[in-house]
Amino acid sequence: MEGIRIGLIGSPNSGKSTIFNNLTGFYQIVGNWPGKTVETVERVVKFKGRHFSLIDFPGTHTLTPTSMEEEIARQYMIENRPNVIIQVASAIDLERSIYLTLELIELGIPIVVALNQFDEAIKQGFEIDAEKLSEILGVPVIPTVAIRGEGIDKLVGKAFDLAHSKSKGKMMVYEDIGPQINKVMDIIKEFLPDRYPSEWFALKLFEEDSWVAKKIGELDVKSTLKSVLEEEKASIEKSTGFQSSLLIVNKRRLIAERIVNEVRKIKPVSRSKLIESLDSLSTSSYGYPLLAVVIATVFVATLGVGLLFRNMISYLFFGLSNYFAFNIANPLLSAILSGIQLSLLVGLSFIIPVVFLFHFFFSFLDDSGYLPRAVFLIDKAMRRIGLNGKAFMPLLLGYGCNVPACVTCRVLEGEKQRFVTALMITLIPCASRMIIICGLIAIYIGTVTSLAIYLFNLFVVLLIGMIVGWSVDLHCESTGLVMVLPPYRAPLIKNALRKTWARAKDFVYLAMPIIIIGTVFLKILEIAGIMRHLNVLFDPLFVGIFGLPGYVLSFLLFGAIRKEFALVFLMTTLNGNPLSYLSPNQIIVFTLITLFYIPCVATLTTLLREFRLNRTLIIVGINLLIAVIIGFSAHVIFSLIS
Amino acid sequence: MLTHLDEGKVAIIKKVNLDNHTKKRLTALGLLPSSRLKVLKIAPFKGDILVDVGGRPLAISHDVAEKISVEEVEWKEFESV
Ligand SMILES: Nc1nc2c(ncn2[C@@H]2O[C@H](COP(=O)(O)OP(=O)(O)OP(=O)(O)O)[C@@H](O)[C@H]2O)c(=O)[nH]1
Ligand SMILES: [Mg+2]
């Protein structure tokens, strides 16, 4: 059977991407916090002789979306209707999962429920009768443990069995209001394109779903629809005492609760004391210093171990290069060779270790389940800016790479929130900028200064967030946070390594070749004497404003492509010894400028896609302005002091 | 109001004073009249409230919790997990 499309749908953090990765061999980011996947991804799978395409959806608790990624998920589901849905339900969160099952059944697409995280349910003392659940819902229910691949075979098999059947689960919200819904359905059936489920559209009209209402509005509707709908709504309100939209959602929830009572028994179990006290500590007022310590540890560990690596590798390198010492008369050949040597040295001793270490340490944090607790604590403070706790994760991801961080802004509700958060993200030093901070400040000025730079940067980010948030009137759209906290989970080294590779591989495949070619190119320019002319051209401007030689402009231009290039080309141009060309103060000014001046090419592309041209230009403008102000002030302050 | 409960208290939701869209979302998450909840933790500085609804902790912003009126009940009745 070719051409079957299977969608993985479920609440946030239920394990959809784990199953997706398992089956496709592809890597979607997996971690222990809700809202990681924010785009639908479709991939072809060959699994035990079966071919199909599998779609990983963003997590959602309901088919009534509030944020952009939920909207995307739903739209994709309706417009590119899969043949079968695998609902990845969380066995430790049964009520909310069954609520979604009921909604999915209404869609009329055949569905299989994967009762995932079943191992954790057992640990928590839940005894869930999957067969009975399946009987009640009228859909297959299969316990799975995605991290160990348990039950996945059976799940896929069931999905295949269902793909061409018309089998549907039981429509439970229908009792009482069936006649009213049918009346409206009869009207819309006539003009609704076939690919849309008319029953579902009718139900959603009663639920006052704005997207469905808009979709219907775009069609050539019979004028009677509106009056019939109002009439039927009124009749429901009269007979039940509830507005139809609330009645429907209330019913679903109550049905879900009733079902859970029937299929789940709870055995008392003793929870781990350690986890219990960790949980309690991380959500109390001690949680604030804890958060600071945890995050600082990631940075200090990366810097510390990174520097260790650098010393080891450059020691090795110099040993080798002495051994192979070349003495080449041809200036061109020598330029090429020394370019390659220098760039390999900087790349291997520096870039690769720092980036890999940071992502490796961060992924433990990200898999543990600690971060959502930080969101709980910090929500209040974020609301001061006009954002909410949900913005914490995108901002934190910004320290790894600005690109996925900006995309993750989709989990925020409201256009302005997404914009302000993305602006703040572009000012956050990603791993590439960490390389600059590490390579220039930590090595030549001192580790404490590099941490001070991080703190100063954080201060600027929050200040800008506050100013811009205030000027766009952010508070008026801010909605409160309501978020299910995942349990603590022990991070696995294997997962951490896989995630580290996924996040850092660009530095090996993309950055290193450019660095080598670019360095050789610069070396050739240097012997051709072109650099000197460039310098003379820009000296007046840069010396005047920042007290920096004009040639740093070329580093900044390279840095706009990828931030770490600014450091690499500085190092290779200055023969690996910046202190003989620049003073410590100049190095600090230069580093400060690179932190803020412009989003890199990849981030710009992402911003354009997520926010269009206008807003992207505003972000770039603000970045430049901040860089100039801070670079200039730092220069003035340094010259006043000395 | 939910914000008036202390940590460890159990209550039943009486009313949710929010717009329909938010109400629908909260209902799907288990916050609707007649739901039973237990306050697990209150974040410092009048921050978020962590409640147990249906066996999983749910973090709720202070200003959302302010709109949820509840009635305290004896905690024995709560089958916590
Ligand atoms: N113990 C246990 N953990 C699981 C299981 N399946 C997934 N996990 C963990 O649950 C967390 C979330 O998994 P993901 O696959 O990222 O979940 P998702 O549904 O894609 O999440 P979003 O994209 O954020 O909606 C990760 O920490 C996984 O390791 C399981 O069967 N048992
Ligand atoms: Mg996912």
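Small disclaimer: the values here were computed from a predicted structure and weren't measured. (Residues numbered from 1 in each chain as written. Chains lettered and ligands numbered in written order. Predicted model: local features only at pLDDT ≥ 70, side-chain atom pairs only at ≥ 80, totals over all residues. Heavy atoms only, no water.)

Even after reading the chapter, I still don't get the coordination of the magnesium ion (ligand 2), so can you show me in this structure?
In an ideal tetrahedron of four donors about a metal, each angle is 109.5 degrees. In an ideal octahedron of six donors, the angles are 90 or 180 degrees. Residues and elements named next belong to chain A. On the protein side, the magnesium ion (ligand 2) has Ser17 (OG) and Thr37 (OG1) as donor atoms, found 2.0 to 2.1 Å from it. Residue Ser17 is located in helix α1 (residues 16-24), and its partner Thr37 is located in the loop between α1 and β2 (41-47); the two are separated by 20 residues in the primary sequence. When sorted by exposure, Ser17 lands in the same class as Thr37, which is buried. (Donors = N, O, S within 2.8 Å, 3.2 Å for Na, K, Ca; no water. Helix = DSSP H or I, 4+ residues; strand = E, 2+ residues; numbered from the N terminus. Buried < 20%, exposed > 50% of the residue type's maximum accessible area, 1.4 Å probe, protein only.)

How do you make sense of the interface of chain B and chain A when you look at a structure like this?
The interface of chain B with chain A comprises 36 residues on the first partner and 44 residues on the second. Overall, the association of chain B and chain A removes approximately 3400 Å² of surface from exposure, summing both partners, and the carbon and sulfur fraction of that is 57%. Area buried by chain B at its contact with chain A is led by B:Lys24, B:Arg25 and B:Arg56, which between them contribute 23% of it. At the boundary of chain B and chain A, one finds 2 salt bridges. Its salt-bridge partner being A:Glu70, residue B:Arg25 comes within 3.5 Å of it at the nearest N-O pair. The set of elements that each furnish at least two residues to the side of chain B that touches chain A consists of α1 (20-29), β2 (36-42), β3 (49-53), β4 (56-60) and α2 (62-65) of chain B. (Contact = heavy atoms within 4.5 Å. Buried area = accessible area lost by both parts, 1.4 Å probe. Salt bridge = Lys/Arg side-chain N within 4 Å of Asp/Glu carboxyl O.)

Before we go on, may I ask you to explain the domain arrangement of chain A in this structure?
A common way to state how big an interface is: give the accessible area lost once the parts meet. Residues and elements named next belong to chain A. Assigned domains within chain A: domain 1 (4-163), domain 2 (173-266) and domain 3 (287-483 + 494-641). Spacing between the C-alpha centres of domain 1 and domain 3 amounts to 37 Å. In total, about 1600 Å² of surface goes out of reach between domain 1 and domain 3, with carbon and sulfur atoms giving 62% of it. Considering only the side of domain 1, the residues that lose the most area to domain 3 are Tyr27, Trp33 and Met68, jointly responsible for 37% of the buried surface there. Linking domain 1 to domain 3 there are 1 salt bridge. Our count for the domain 1 to domain 3 interface comes out at 6 residue pairs in polar contact (both at pLDDT 80 or more). Among the elements that line the side of domain 1 that touches domain 3, the one with the most residues is helix α2 (residues 68-79), at 3 residues. Of the residues contributing to the side of domain 1 that touches domain 3, the split by class is 9 nonpolar, 7 polar and 2 charged. (Domains from an automatic or database assignment. Polar contact = N/O pair within 3.5 Å; in protein donor to acceptor, adjacent residues only side chain to side chain. Nonpolar A, V, L, I, M, F, W, Y, C, P; charged D, E, K, R; others polar.)

Looking at this structure, how should I read the nonpolar core?
In summary, soluble globular proteins display a tendency toward joint burial of nonpolar side chains. Residue and element names in this part refer to chain A. Residues Phe392 and Phe590 are the most contacted members of the largest nonpolar core, which totals 115 residues. Per element, the largest residue contribution to this core is 10 residues, and it comes from helix α19 (residues 431-444). Sequence-distant contacts of Phe392, defined by excluding residues within four places in its chain, comprise Leu291, Leu371, Ala374, Val375, Ile378 and Met382. Ile98, Leu192, Ala256 and Ile259 belong to the second largest nonpolar core, which has 66 residues in total. (Core = buried A, V, L, I, M, F, W, Y, C linked by side-chain atoms within 4.5 Å.)

What is the right way to look at the site of ligand 1 in this model?
All names here are of chain A. Near ligand 1, the surroundings consist of 24 residues, among which Lys16, Ser17, Thr18, Lys36 and Thr37 are the closest. In the model, an oxygen atom of ligand 1 is placed 3.4 Å from a nitrogen or oxygen of the Gly31 main chain. Gln117 is positioned with one of its backbone polar atoms (N or O) 3.2 Å from an oxygen atom of ligand 1. Counting residues per element, the ones that place at least two in the shell around ligand 1 are α1 and α4 (118-123). Each residue belonging to the shell around ligand 1 can be placed in one class, and the counts come to 7 nonpolar, 12 polar and 5 charged. (Near = heavy atom within 4 Å.)

Explain the packing of aromatic side chains to me, please; I cannot follow it from the model alone.
The relation between two aromatic rings is expressed through the spacing of the ring centres and the mutual angle of the planes. Residues and elements named next belong to chain A. Inspection of every chain in the model, using the stated rule, returns 20 aromatic pairs over all chains. Seen from their ring centres, Phe20 and Phe26 are 6.1 Å apart, and the 85° between their planes marks the pair as edge-to-face. Overall, the relative accessible area of 28% leaves Phe26 in the partly exposed class. Aromatic rings pair up to connect Phe299, Phe358, Phe362, Tyr399 and Tyr454 into one cluster. Between the NZ or CZ atom of Arg43 and the centre of the ring of Phe26, over which it lies, the distance is 4.0 Å. (Phe/Tyr/Trp six-rings, centres within 6.5 Å; stacked < 30°, edge-to-face > 60°. Lys NZ or Arg CZ within 6 Å of the ring centre and 35° of its normal.)

When you look at a negative patch on the surface in this model, what are you seeing that I'm missing?
Residue and element names in this part refer to chain B. Taken together, Asp6, Glu7, Glu72 and Glu74 make up a surface patch of like negative charges. Within the secondary structure, Glu72 is located in strand β5 (residues 68-73). The class of Glu72 is partly exposed, set by a relative accessible area of 45%. (Patch = residues over 30% accessible without salt bridge, like charges linked within 9 Å, V, L, I, M, F, W, Y side chains within 5 Å. Areas by Shrake-Rupley, 256 points an atom, 1.4 Å probe, with all protein chains shown as cover. Lys, Arg positive; Asp, Glu negative; His and termini not counted. Charge placed at Lys NZ, Arg CZ, Asp CG, Glu CD.)

How do you make sense of the sheet that holds β5(B) when you look at a structure like this?
Across a sheet, strands are paired by hydrogen bonds formed along the backbone, either parallel or antiparallel in direction. Judged by pairing direction, the sheet is antiparallel, and its 6 strands sit side by side in the order β9(A)-β4(B)-β3(B)-β2(B)-β1(B)-β5(B) without closing on themselves. Each edge of the open sheet is held by one strand with a lone partner, namely β9 (482-484) of chain A together with β5 of chain B. Mean inter-strand twist for the sheet, computed between neighbouring axes without regard to direction, equals 40°. Summarising the sheet, β2(B) and β3(B) pair through 4 bridges and their orientation is antiparallel. Residue pairing in the sheet places B:Ile42 in a bridge with B:Ile49 of β3(B). Strands in contact with α1(B) are β9 of chain A together with β1 (10-16) and β4 of chain B; relative to β9(A), the strand with the most contacts, it is inclined by about 20°. (Pairing = 2+ DSSP bridges. Axes fitted to C-alpha atoms, helices over the stretch in contact; angles between N-to-C directions.)

I would appreciate a short explanation of the environment of B:Ser34 in the present structure.
Within the secondary structure, B:Ser34 is located in the loop between α1 and β2. Apart from residues no more than four positions distant in its own chain, B:Ser34 is found in contact with A:Leu254, B:Ile12 and B:Ile13.

In this structure, what is going on with the state of the cysteines? I would like to understand it.
Disulfide: a covalent bond connecting the sulfur atoms of a pair of cysteines. Taken as a whole, this structure holds 0 disulfides over all chains when the rule is applied. For the unlinked cysteine A:Cys401, the closest cysteine sulfur is that of A:Cys430, found at 6.3 Å. (Disulfide = S-S within 2.5 Å.)

What am I meant to see in the side chain of A:Arg5 here?
Residue and element names in this part refer to chain A. On the secondary structure map, Arg5 appears in strand β1 (residues 5-9). In this structure the side chain of Arg5 is engaged in a polar contact, spanning 3.0 Å, whose partner is the backbone oxygen of Arg81. Setting aside residues up to four positions removed in sequence, Arg5 forms contacts with Glu42, Ser53, Ile55, Tyr76, Asn80, Arg81, Pro82, Asn83 and Val84.

Can you walk me through helix α3 (residues 94-107) of chain A in this structure?
Side chains three or four residues apart in an α-helix point the same way, a direct result of the helix having 3.6 residues per turn. Residue and element names in this part refer to chain A. The first and last C-alpha atoms of α3 sit 20 Å apart over 14 residues, in line with the 20 Å expected at 1.5 Å per residue. α3 sits mainly inside the fold: 14 of its 14 residues count as buried. Backbone geometry just downstream of α3 places Gly108 in the positive-phi region, at approximately 85°. (Expected span 1.5 Å × (residues − 1).)

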